Amino acid sequence: MKKVIYLVTALFIVSCSQEEFNIGNPNQADAARVLANAADFQNFNISNHTTMLSGQVAFSGIYMRGSADQFSTTNAFSGFWDYCDQPRRQVLNTTANDDLADQAAGPWLAFNGVINNANIVINNIVNDGGEVIVSGTDVTQQELAAAYFDKGVAQGYLSMLYDKAYIVDPDTDPNALEFSTYQELLDAAIANITTAIGLATGSFEYTLYAAGPSLDAATFAQLANSYMARFSIGLARTDAEAQGLDYNQILTYANNGLTADFFPPAEENVFFNNLQDWSLFDLGPAGYMPTDQKILHLFDPSYDTDYPTDESIVLDPAVSDDPRLDLYYVYVGSEFGFLRASRGRQLFSSYKTIKFFNGNDQNQSGIPVNIFSKAEIDYIKAECYYRQGNYGAAAAALDASPRMSVGMQSTTAAGPNVLNALLYEVSIELDLQAGIGVPFAFMRRHDMLQEGTLTMYPVPASELEITQDEIYTFGGPAAAGEVGTASGSNDWRNIDLVY
């Protein structure tokens, strides 16, 4: 059977028509026409940077956040309830699912679109010998480095979120495409990001959006290493798989990573955090996506892991000496908002999240867009040390992070204490501060997800119908412990929380 190339809609933010670029097929891009106006070509590349970054803080991140018990809901809008319900549900991977475009298909389309556009740039420069000279300055190598980076990051997210995907290069035969494993995708991502670092020299600039801020070569290299650390440690689907990761290499990436937060400013209607926009929506007393019991239980281990089903009971506030309980969350008591007891009162919450709240509107110029925090690098280092059995170094890395500087929490240098502290920090400090999938991937690789939770997305049914491949799915208690579905063997609700 002939394999049909995936067709994704390239996202264009610059004022250039599709006809100008002749990009119907990335493997047949017309270099002469694309490069006829170097400034337009550069703007096309910059628009792809914006798309790549926006995909990391997109609406689609809500579902992974629900699967990781970062928020709770009984609201069926866009299928939110499907990813928070208990027992866990199977992923509805069918084109009959009206919400598929936001769920499994959301990141697939976004990141494959980035790869498509990056291949156009790479093809025109590498294969067709194009040059990009803007205002008399040759920026060809700069634009090539940026395209390899965008492509590598997009592939990294596909490796982290899906069981398989395509590896598509400018010279790939569209009639011979086959799926690659998530490990193969990661390898391709690392290779492309490494190439980008090597090309980013001298007066290099990576511009985030049109007329927006730029990264110099040094900061770009730090961010690139940070992504390689995030994807490499985030690859494992189970604890057993995580035990085989190369933690020395991941530590090398992290040690060369960010030394400060990468929180670039939003640009209204161009670049903003849509994941936060939905997650932090305030209904007045209640939150639209209330804080899951997991968060309160981490702060206060005496707190119930599930909300009481007795409708006469309203939980009292949690108790903690960590100031982040009051800095990041607000107790709302019996103001339950959209929560419906008929859909499972165990999903209720008496808290809402206020961290990063900006008056129900994250789409405002100047608001920091939380792409990658220095704290995540701290926790990656600590987790590497934990996996290597160096609990003293792990505790020291945690003490050097916001766990101590903001939360004033110390960590005992023992395996269970370190692991619990990492769960605490990734769930509380990194929530809405690391884009899509980071808390989810942490819980997945430590078997902490609830039984039956998906551990990765299947290829969306909308894609499989095009390629005429068999449609499949993951999730649900009946599939617990199978590939793609969590066993629940270290379910966070059963952990003895010592720090």
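Remember, predicted model here, so these are calculated numbers, not experimental data.

Rules used throughout
- Residues numbered from 1 in each chain as written.
- Predicted model: local features only at pLDDT ≥ 70, side-chain atom pairs only at ≥ 80, totals over all residues.
- Heavy atoms only, no water.
- Helix = DSSP H or I, 4+ residues; strand = E, 2+ residues; numbered from the N terminus.
- Rg over C-alpha atoms; globule rule 2.2 N^0.38 Å.
- Buried < 20%, exposed > 50% of the residue type's maximum accessible area, 1.4 Å probe, protein only.
- Contact = heavy atoms within 4.5 Å.
- Areas by Shrake-Rupley, 256 points an atom, 1.4 Å probe, with all protein chains shown as cover.
- Lys, Arg positive; Asp, Glu negative; His and termini not counted.
- Charge placed at Lys NZ, Arg CZ, Asp CG, Glu CD.
- Expected span 1.5 Å × (residues − 1).
- Polar contact = N/O pair within 3.5 Å; in protein donor to acceptor, adjacent residues only side chain to side chain.
- Core = buried A, V, L, I, M, F, W, Y, C linked by side-chain atoms within 4.5 Å.
- Patch = residues over 30% accessible without salt bridge, like charges linked within 9 Å, V, L, I, M, F, W, Y side chains within 5 Å.
- Salt bridge = Lys/Arg side-chain N within 4 Å of Asp/Glu carboxyl O.
- Axes fitted to C-alpha atoms, helices over the stretch in contact; angles between N-to-C directions.
- Parallel < 35°, antiparallel > 145°, perpendicular 65-115°, else oblique.
- Left-handed = near helix turned anticlockwise from the far one by under 90°.
- 1 Å grid on protein atoms, 1.4 Å probe; cavity = no way out; pocket = protein on both sides within 12 Å on 5 of 7 lines; lining within 4 Å.
- Points joined across faces, edges and corners; volume = space filled by probe spheres on them.
- Nonpolar A, V, L, I, M, F, W, Y, C, P; charged D, E, K, R; others polar.
- Phe/Tyr/Trp six-rings, centres within 6.5 Å; stacked < 30°, edge-to-face > 60°.

Peer 1: Explain the overall build of the protein to me, please; I cannot follow it from the model alone.
Peer 2: Counting secondary structure elements, the protein contains 19 helices and 8 strands. Radius of gyration (C-alpha) of the protein: 22 Å, near the 23 Å computed for a compact globule of 499 residues. Seen through its principal axes, the protein has C-alpha atoms that stretch 70 × 50 × 45 Å. Looking at the protein as a whole, 61% of its 499 residues qualify as buried. Contacts in the protein between residues far apart in sequence, at least 24 positions, make up 73% of those at least 6 positions apart. Put simply, the protein shows about 17700 Å² of open surface, and 49% of that area lies on carbon and sulfur atoms. Separation between the mean location of the 24 positive side-chain charges and that of the 60 negative ones in the protein comes to 4 Å.

Peer 1: Would you explain helix α3 (residues 38-55) in this entry?
Peer 2: An α-helical turn contains 3.6 residues, so any two residues separated by three or four positions project in the same direction. Given a rise of 1.5 Å per residue, 18 residues ought to cover 26 Å, and the 26 Å separating the end C-alpha atoms of α3 matches this to within 8%. For α3, the N-terminal capping position is held by asparagine 37, with its side-chain oxygen 3.1 Å away from the main-chain nitrogen of alanine 39.

Peer 1: What should I look at first to understand the nonpolar core in this one?
Peer 2: The nonpolar side chains of a soluble globular protein tend to be buried, and buried together. Of all hydrophobic cores here, the largest spans 147 residues; its most connected members are Phe149, Tyr206, Tyr227, Phe262 and Ile371. Non-local contacts of phenylalanine 262, meaning those with residues more than four positions away in its chain, are made with Leu53, Leu208, Leu215, Leu223, Val369, Ile371 and Phe372.

Peer 1: What am I meant to see in a nonpolar patch on the surface here?
Peer 2: Taken together, the side chains of Phe281, Leu283 and Phe338 make up a nonpolar region of the molecular surface, amounting to roughly 250 Å² of accessible area. Mapped onto the fold, leucine 283 is located in the loop between α11 (274-279) and α12 (293-299).

Peer 1: What is the right way to look at the pattern of salt bridges in this model?
Peer 2: Two side chains bearing opposite charge may form a pair once their charged atoms approach each other closely. Per the counting criterion, the structure on display carries 16 salt bridges. With its nearest N and O atoms 2.4 Å apart, the salt bridge here joins aspartate 82 to arginine 89. Residue arginine 89 is classed as partly exposed on the basis of its relative accessible area of 29%. Between aspartate 306 and arginine 493 there is a salt bridge, with its nearest N and O atoms 3.7 Å apart. Here aspartate 306 is found in the loop between α12 and α13 (324-328), whereas its partner arginine 493 is found in the segment after α19 (461-467), with 187 residues between them in sequence. Overall, the relative accessible area of 24% leaves aspartate 306 in the partly exposed class. Taken together, the shared-partner salt bridges connect Asp322, Arg324, Arg403, Glu425 and Glu429 into one network.

Peer 1: What am I meant to see in the packing of helix α10 (residues 247-255) against helix α14 (residues 374-387) here?
Peer 2: How two helices pack is summed up by the angle between their axes together with the distance between the axes. In contact at an axis separation of 9 Å, α10 and α14 are set at 160° when each is read in the N-to-C sense. With respect to α14, the axis of α10 lies roughly antiparallel. For the pair α10 and α14, the sense of crossing is left-handed. Listed contacts from α14 to Tyr247, Ile250, Leu251, Ala254 and Asn255 of α10 are Ile377, Ile380, Lys381, Cys384, Tyr385 and Arg387.

Peer 1: Help me understand unusual backbone geometry in this model?
Peer 2: Only a minority of non-glycine residues have a phi that is not negative, and only a minority of peptide bonds are not trans. Following glutamine 86, the chain continues to proline 87 via a peptide bond in cis, the omega torsion being -5°. Within the secondary structure layout, proline 87 lies in the loop between α4 (61-67) and α5 (105-127). Not every positive phi belongs to a glycine, and phenylalanine 356 is a case in point at roughly 70°. Residue placement: phenylalanine 356 occurs in the loop between β8 (351-353) and α14. Positive phi outside glycine occurs at leucine 432, with the angle close to 65°. Among the structural elements, leucine 432 can be located in the loop between α17 (415-428) and α18 (438-445). On the basis of relative accessibility, which here comes to 3%, the residue leucine 432 falls in the buried class.

Peer 1: Looking at this model, I keep getting lost on empty space enclosed by the protein. Mind explaining?
Peer 2: Over the atoms a probe the size of a water molecule is rolled, and this reveals where empty space is left. In this structure the tally under the stated criterion is 5 cavities of 30 Å³ or more. The wall of the largest cavity is formed by 15 residues, among which Ile233, Glu376, Ile380, Val438 and Arg445 lie closest to the centre. Breaking the lining of the largest cavity down by element, the ones donating at least two residues are α8 (217-234), α14, α17 and α18. Of the residues that constitute the lining of the largest cavity, the class distribution is 10 nonpolar, 1 polar and 4 charged. By volume, the second largest cavity is sized at about 80 Å³. Together, 13 residues line the second largest cavity, and Arg65, Asp431, Gly435, Gly437 and Pro439 are the ones closest to its centre. If you list the elements that add at least two residues to the lining of the second largest cavity, you get α4 and α18. Sort the elements by how many residues they give to the lining of the second largest cavity and α4 lands first, with 3 residues.

Peer 1: What exactly am I supposed to notice about the packing of aromatic side chains here?
Peer 2: For any pair of aromatic rings, geometry is given as the distance between the ring centres together with the angle between the planes. By the definition in use, this model includes 36 aromatic pairs. Seen from their ring centres, tyrosine 63 and phenylalanine 80 are 5.9 Å apart, and the 45° between their planes marks the pair as tilted. Note that tyrosine 63 is positioned in helix α4 and phenylalanine 80 in the loop between α4 and α5, a separation of 17 residues in sequence. By the burial criterion, tyrosine 63 is buried, and phenylalanine 80 matches it. For the pair tyrosine 206 and phenylalanine 220, a centre-to-centre distance of 5.5 Å together with 40° between the ring planes defines the contact as tilted. Linking tyrosine 206 in strand β5 (residues 206-207) with phenylalanine 220 in helix α8, this pair joins segments that are 14 residues apart in sequence. This pair shows no difference in class: tyrosine 206 is buried, exactly as phenylalanine 220 is.

Peer 1: Help me understand the layout of surface pockets, please; the structure alone is not making it clear to me.
Peer 2: For the second largest pocket, the calculated volume is near 270 Å³. Along the wall of the second largest pocket there are 18 residues; nearest its centre are Val139, Gln142, Ser203, Phe204 and Glu205. Listing elements by their share of the lining of the second largest pocket, those giving two or more residues are α3, β2 (137-138), α6 (140-161) and β5. By residue number, the principal contributor to the lining of the second largest pocket is α6, which donates 5 residues. Here the lining of the second largest pocket is built from residues that sort into 6 nonpolar, 9 polar and 3 charged.

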